[in-house]
Amino acid sequence: MRKPKSKTREYEKAIAAVPRKYLLRLYISGTTPRSVRAIENIKRLCDTRLKGCYELEIVDIYQQPASLATDQIIAVPTLIKTLPLPMRKLIGDLSDEENVLMGLDLVKTSGAA
Amino acid sequence: MKNASRAILARPARRREIPKCPTGISGLDQIMAGGLPRGRPTLVCGSAGCGKTLLGMEFLIRGAIQFNEPGVCLSFEETAAELIANVASLGFDAQGLVDAGKLIVDYVQIDRSQIEETGEYNLDGLFLRLDHAIQEIGAKRVLLDTVESLFAGLSNELVLRGELRRLFRWLKDKGITAVVTGERGEGTLTRHGLEEYISDCVILLDHRVNNAVFTRRLRVVKYRGSTHGTNDYPFLIDERGISVLPVTSVELRHAALREFVSSGIPGLDEMLQGRGFYRGNSILISGTAGTGKTSVGAHFVKAAVDRKEKALVFAFEESRDQWVRNMQSIGIELEPAVRKGLLRHDASRPTAFGLEMHLVRMHKAIEEFRPDVVVVDPISALAHAGSISEISGMLLRLVDYLKSLGITALFTTMVQGSELEYTDLAISSLVDTWILLRDIESGGERNRGLYVLKSRGMAHSNQIREFALSSKGIRLRQAYLGPEGVLTGSARVVQEARERAAESAKLWEIERRKLQLERKRKALDAQVAALRVEVDAEEAELRQLLAQEGQRLEAARTERAEMAGSRRSEARAGAVQTGPNGGGRKR
């Protein structure tokens, strides 16, 4: 009975030790207020919650229209979380923080922290 | 400003419809008076499996092939590979068009489970994707299939509705002719009310099952700025895509041809002014079972192929081989014509498809083969495939269609019971010539009679002819009209024999009379001769008598003179001695 329990704990420890890496891509359309707002929101969130463990790429759909098809973008702004899996798409200007955190699987971590 | 308005008023009032974008789908363009509204979106709605996507894809593919207008398909439901494979099964090489840069099929994936909505957004991504694709190939046509999937993927309906309105406006501004498909909703045309945004043209697709027969239908619900057909038009999807049936031609405008075509039966031609049917007319052969309707049709076909014309037979009861073989038994050899490509059969069971499918198939076959004559054998078989009014409607369309092409058509139909001059399918008024075949039952046998019930535009015979099927085909016999009506079969033969006997008896009688007269004359002559002899004899006798009398008188005179002489001498001698006369007188 003890052995498995300790192993689980060990595993969890090991997992926590590995810094979670966030790979994010934000699609915006030019410099519309909504796009600007989305950029501000994600940057603030990354700074507060994902400091040092994220990579954020901002794509202007007008500059790279071909990427729309590959990432299946229909709505703008859209934030794509490629890593960690599963892949999620966050549609909107990211002002609904609760939903954003849920989409990024961050609610738990915040509760733990 | 004033000048301009005057110029408008001064312009002749000419009906000008909005520009059209032909779909290339046979029949649909006719219904829509040229095609979809150019530069506007058209909503195609219908329930699942009614052919919305196919209609849209055919619009794009035909546009690319026939009208050199590249197209973009934005598919929300099927991947590009799936779509291309689907239309390939209907004979379209979509992949080839994609490779040639005339078609883009873009799959828009919306996976609800991956999506989290976190605030305001718009659909610029979709717009840009579409715009990018349009610009890449210079597309003129767009298919959005099915844009309503957005409602399943995104929850903010308010945003969606606004964006859809913007999308259609944007497409209009770009001058793109778009087909937007939408799922049929409860009591509404589309589940999410797309008809609110696309109000220029709405096409409704539908399918029904009637008597276990499946029929697809299409209706143009609205079409701003254009006339359009308003009926439910049947359509079908087969190996060559969609065909819509522009069912009824409103006007009767077919040219009346003055040429004649032979019926293939000399006796029948004779009944029809000696020339046959008018070319381009419709002929109905009706009759009870086994009266030889098909045989009449076969004669007609044979006459056509002998004239080197093309004949197309739609058989609903017999297979091609059976038809040809059976006609061989009455001496009609059709196999060579089949081999030469002059005769084609289209045999199918009436219940194999719905009526419309039959009609469309017939249209297609006719369009492909371009026959000069068409035989439908028998139309009554179609009663299995639909209701009476549907069938007569279908036949009306078929007759109209054939007439418009100048094709002479012969229909056979089976009638039952005693009401021979009534067709179950009520198509008698549609046809120009109606020939009735009937059984004449008398004297313990059934014989066949034929008469022309009507034939528009010609003085046809009013007689009932007997017709016989032999190994040399149909032979019409002059009708025998006896005191008991038309005699047929052996009754006619007997009657004819009887007549012949009577005739010869009469001849014999005359001969006899003649001889009698001759004899009489001879007898008379003999009598006359005898009389003359008699008279001569009498005359001779008389002459003899006269001569004798003369002699006697002479003799008497001489005697008297002698007597007188002697008396005088007596007186001289004595008066006693007198002559016998004088002596008597004295006493």
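Residues numbered from 1 in each chain as written. Chains lettered and ligands numbered in written order. Predicted model: local features only at pLDDT ≥ 70, side-chain atom pairs only at ≥ 80, totals over all residues. Heavy atoms only, no water.

What follows is about the environment of B:Arg370. Residues and elements named next belong to chain B. Locating Arg 370 in the fold gives a position in the loop between helix H13 (355-369) and strand E18 (373-377). Judged by relative accessible area, Arg 370 falls into the partly exposed class, the value being 47%. Excluding anything up to four places from it in sequence, Arg 370 contacts Lys 310, Ala 365 and Leu 405. (Helix = DSSP H or I, 4+ residues; strand = E, 2+ residues; numbered from the N terminus. Buried < 20%, exposed > 50% of the residue type's maximum accessible area, 1.4 Å probe, protein only. Contact = heavy atoms within 4.5 Å.)

Residue and element names in this part refer to chain B. Overall, the coordinates contain 0 disulfides over all chains when judged by the stated rule. The cysteine Cys 45 is free of any disulfide, with Cys 50 supplying the nearest cysteine sulfur at 8.2 Å. With relative accessibility at 0%, the residue Cys 45 sits in the buried group. (Disulfide = S-S within 2.5 Å.)

The next subject is H13(B). Residue and element names in this part refer to chain B. Counted at 1.5 Å a residue, the expected span for H13 with its 15 residues is 21 Å, and the 21 Å between its end C-alpha atoms agrees. Taken across its 15 residues, H13 has 11 buried, putting it largely inside the fold. Listing the buried residues of H13 in full gives Leu 355, Glu 356, His 358, Leu 359, Val 360, Met 362, His 363, Lys 364, Ala 365, Ile 366 and Phe 369. Positive backbone phi, at 50°, marks Arg 370, one or two positions downstream of H13. (Expected span 1.5 Å × (residues − 1).)

Together, B:Leu542, B:Leu545 and B:Leu546 line one region of the surface with nonpolar side chains, adding up to about 310 Å² of accessible area. By the element assignment, B:Leu545 lies in helix H15 (residues 489-573). (Patch = residues over 30% accessible without salt bridge, like charges linked within 9 Å, V, L, I, M, F, W, Y side chains within 5 Å. Areas by Shrake-Rupley, 256 points an atom, 1.4 Å probe, with all protein chains shown as cover. Salt bridge = Lys/Arg side-chain N within 4 Å of Asp/Glu carboxyl O.)

As a further point, take the sheet that holds strand E1 (residues 22-28) of chain A. A sheet is described by the order of its strands in space; here 5 strands give the open sequence E2(A)-E1(A)-E3(A)-E4(A)-E6(B), paired in mixed fashion. Looking at which strands have only one partner, the edges of the open sheet turn out to be strand E2 (54-60) of chain A together with strand E6 (115-117) of chain B. On average, each strand axis in the sheet is tilted by 20° relative to the strand beside it, whichever way the strands run. Of the strand pairs in this sheet, strand E4 (residues 88-91) of chain A and E6(B) are connected by 3 bridges, and their pairing is parallel. Residue pairing in the sheet places A:Lys89 in a bridge with B:Ile115 of E6(B). With respect to the sheet, helix H2 (residues 33-49) of chain A is in contact with E1, E2 and strand E3 (78-83) of chain A, its orientation differing from that of E1(A) by roughly 165°. (Pairing = 2+ DSSP bridges. Axes fitted to C-alpha atoms, helices over the stretch in contact; angles between N-to-C directions.)

Before going further, it helps to spend a moment on the confidence of the model for chain B. Residue and element names in this part refer to chain B. When pLDDT is averaged along chain B, the result is 81; 88% of the residues meet or exceed 70. Contacts from residues 7-13, a stretch scored under 50 in pLDDT, to residues over four places away or in other chains number 0 contacts. Note that residues 582-587 has pLDDT below 50 and, in this model, 3 contacts with residues that lie over four places away or in other chains. (pLDDT = per-residue confidence, 0-100.)

The interface of chain B with chain A comprises 24 residues on the first partner and 29 residues on the second. Each partner contributes to the roughly 2300 Å² buried at the junction of chain B and chain A, and carbon and sulfur atoms together form 53% of this total. Joining chain B to chain A, the criterion identifies 3 salt bridges. With a shortest N-O distance of 3.4 Å, A:Arg37 and B:Glu120 are connected by a salt bridge. Across the chain B-chain A interface, the total number found is 15 residue pairs in polar contact (both at pLDDT 80 or more). (Buried area = accessible area lost by both parts, 1.4 Å probe. Polar contact = N/O pair within 3.5 Å; in protein donor to acceptor, adjacent residues only side chain to side chain.)

The pairing of strands in a sheet happens through backbone hydrogen bonds and is either parallel or antiparallel. All names here are of chain B. Spatially, E17-E16-E18-E19-E15-E20-E21-E22-E23 is the arrangement adopted by the 9 strands of the open sheet, whose pairing is mixed. Each edge of the open sheet carries a strand with a single partner, namely strand E17 (343-347) and strand E23 (473-477). On average, adjacent strands in this sheet sit at an angle of 25° to one another, irrespective of strand direction. Pairing of strand E15 (residues 282-287) with strand E19 (residues 408-414) involves 6 bridges; the strand directions are parallel. Within the sheet, the bridge partner assigned to Ser 282 lies in E19 and is Ala 409. Against the sheet, helix H11 (residues 320-328) makes contact with strand E16 (311-315), E17 and E18, and its axis sits at roughly 125° relative to E17, the strand it touches most. The strands touched by H13 are E16, E17 and E18; relative to E16, the strand with the most contacts, the crossing angle is about 160°.

All names here are of chain B. For Arg 275, the location among the structural elements is in the loop between helix H9 (266-271) and strand E14 (277-278). A relative accessible area of 44% means that Arg 275 is categorised as partly exposed. For the pair formed by Arg 275 and Val 261, sequence separation is 14 residues and the distance between their alpha carbons is 7.2 Å. In contact with Arg 275, other than residues within four places in its own chain, are Phe 260, Val 261, Ser 262 and Asp 269.

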